[in-house]
Amino acid sequence: MSSEQDPIDVILEQWRRERPDLDLSAMGVFSRLAQASRLVESAVEQVFRRHGLRPGEFDVLAALRRSGPPYTLIPSELSDVLMMSRAGMTNRIDRLEAAGLVERSLDPADRRSFRVALTREGREVIDATLTEHAANLARLAARLTEQEAATLDTVLRGMLAR
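Everything quoted here is computed from the prediction, not taken from an experiment.

Caption draft 1: Inspection of the pattern of salt bridges at higher detail. For the coordinates displayed, the defined rule picks out 13 salt bridges. Its salt-bridge partner being arginine 123, residue aspartate 127 comes within 3.8 Å of it at the nearest N-O pair. With a gap of four residues between them, aspartate 127 and arginine 123 both fall in helix 6 (residues 120–141), about one helical turn apart. We note a salt bridge from arginine 157 to aspartate 153, for which the minimum N-O separation is 3.1 Å. Taken together, the residues span about one helical turn, with arginine 157 and aspartate 153 both in helix 7 (residues 146–161) at a distance of four residues. One continuous salt-bridge network, built from bridges that share partners, spans Asp6, Asp9 and Arg32.

Encoded structure:
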């Protein structure tokens, strides 16, 4: 393996030798994308764990925090913003409420529903976590040049949009 090759190149060479009939160009792209995703996911989860959060709990707190004062949403809004089921959202809210990071109250506009709000402690936790999370991602992105990061962002945005 030369200094330019990585383990994925070796795997691709082996497959090209064994299956020259296949176009394997996408395999390298997506294998590296998966490997990068695992690297980022692991680094991100370490930050969240230090703050006592699971990734999904971070997502709920972050959605509430970025909604602006009074940092309150109804569960269906949270589900829509986070693109997840209502049942899954209920479980996350239950855990966050038990931890004292959010509180539920009846929705005065619709007494059949309730609102979820960040507590003071929840806001402190999400602000501290987000500060460390942003620095962590910046550290990971520093492995790329500014141009590489911009190109990667554009390419991934285009791929996901299509």
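Caption draft 2: Looking closely at the side chain of serine 113. Along the chain, serine 113 falls in strand 3 (residues 110–118). A relative accessible area of 18% means that serine 113 is categorised as buried. When residues no more than four places from it in sequence are discounted, the contact partners of serine 113 are Ile74, Leu106 and Asp107.

Caption draft 3: Region of interest: the nonpolar core. By size, the foremost hydrophobic cluster in this structure holds 24 residues, and its most contacted members are Leu53, Leu61, Leu64 and Leu78. Counting only elements with at least two residues in this core, the list comes to helix 2 (25–50), helix 3 (55–66), helix 4 (75–82), helix 5 (86–98), strand 3 and helix 6. With six residues, helix 3 is the largest single contributor of residues to this core. Beyond its immediate sequence surroundings of up to four residues, leucine 61 is in contact with Leu53, Leu96, Leu101, Val102, Leu118, Val125 and Ile126.

Caption draft 4: Layout of the layout of surface pockets. Taken as a whole, the largest pocket encloses approximately 410 Å³ of empty space. Lining the largest pocket are 14 residues, with Ala36, Val40, Leu140, Leu144 and Leu152 positioned closest to its centre. Secondary-structure elements contributing two or more residues to the lining of the largest pocket are helix 2, helix 6 and helix 7. Top element by residues in the lining of the largest pocket is helix 2. It accounts for five residues.

Caption draft 5: Representation of the pairing of strand 2 (residues 102–107) within the structure. Bridge count for strand 2 against strand 3 is six bridges, and the pairing is antiparallel. The residue of strand 3 that forms the bridge with aspartate 107 is aspartate 110. What sits between the antiparallel neighbours strand 2 and strand 3 is a turn of two residues.

Caption draft 6: How the structure looks around helix 6. Taking 1.5 Å of rise per residue, the 22 residues of helix 6 would be expected to cover 32 Å, and the 31 Å separating its terminal C-alpha atoms lies within 8% of that figure. For helix 6, the full list of buried residues reads Gly122, Val125, Ile126, Thr129, His133, Asn136 and Leu140. Buried residues in helix 6, looked at end-on, bunch into an arc of 100°, giving them a common side. Exposed residues lying more than 90 degrees from the buried face of helix 6 are Arg120 and Thr131. Summarising the contacts, the buried residues of helix 6 are in contact with helix 2, helix 3 and strand 3.

Caption draft 7: Summary view of the UniProt feature "domain: HTH marR-type" (unreviewed entry) in the protein chain. As recorded in UniProt, the feature "domain: HTH marR-type" (unreviewed entry) lies at residues 26–161. Counted over residues 26–161, helix gives 71% and strand 12%. Its end C-alpha atoms are 18 Å apart.

Procedures and definitions
Residues numbered from 1 in each chain as written. Predicted model: local features only at pLDDT ≥ 70, side-chain atom pairs only at ≥ 80, totals over all residues. Heavy atoms only, no water. Salt bridge = Lys/Arg side-chain N within 4 Å of Asp/Glu carboxyl O. Helix = DSSP H or I, 4+ residues; strand = E, 2+ residues; numbered from the N terminus. Buried < 20%, exposed > 50% of the residue type's maximum accessible area, 1.4 Å probe, protein only. Contact = heavy atoms within 4.5 Å. Core = buried A, V, L, I, M, F, W, Y, C linked by side-chain atoms within 4.5 Å. 1 Å grid on protein atoms, 1.4 Å probe; cavity = no way out; pocket = protein on both sides within 12 Å on 5 of 7 lines; lining within 4 Å. Points joined across faces, edges and corners; volume = space filled by probe spheres on them. Pairing = 2+ DSSP bridges. Expected span 1.5 Å × (residues − 1). Arc of directions from axis to C-beta. UniProt positions renumbered as here; feature names shortened; annotations may be inferred.

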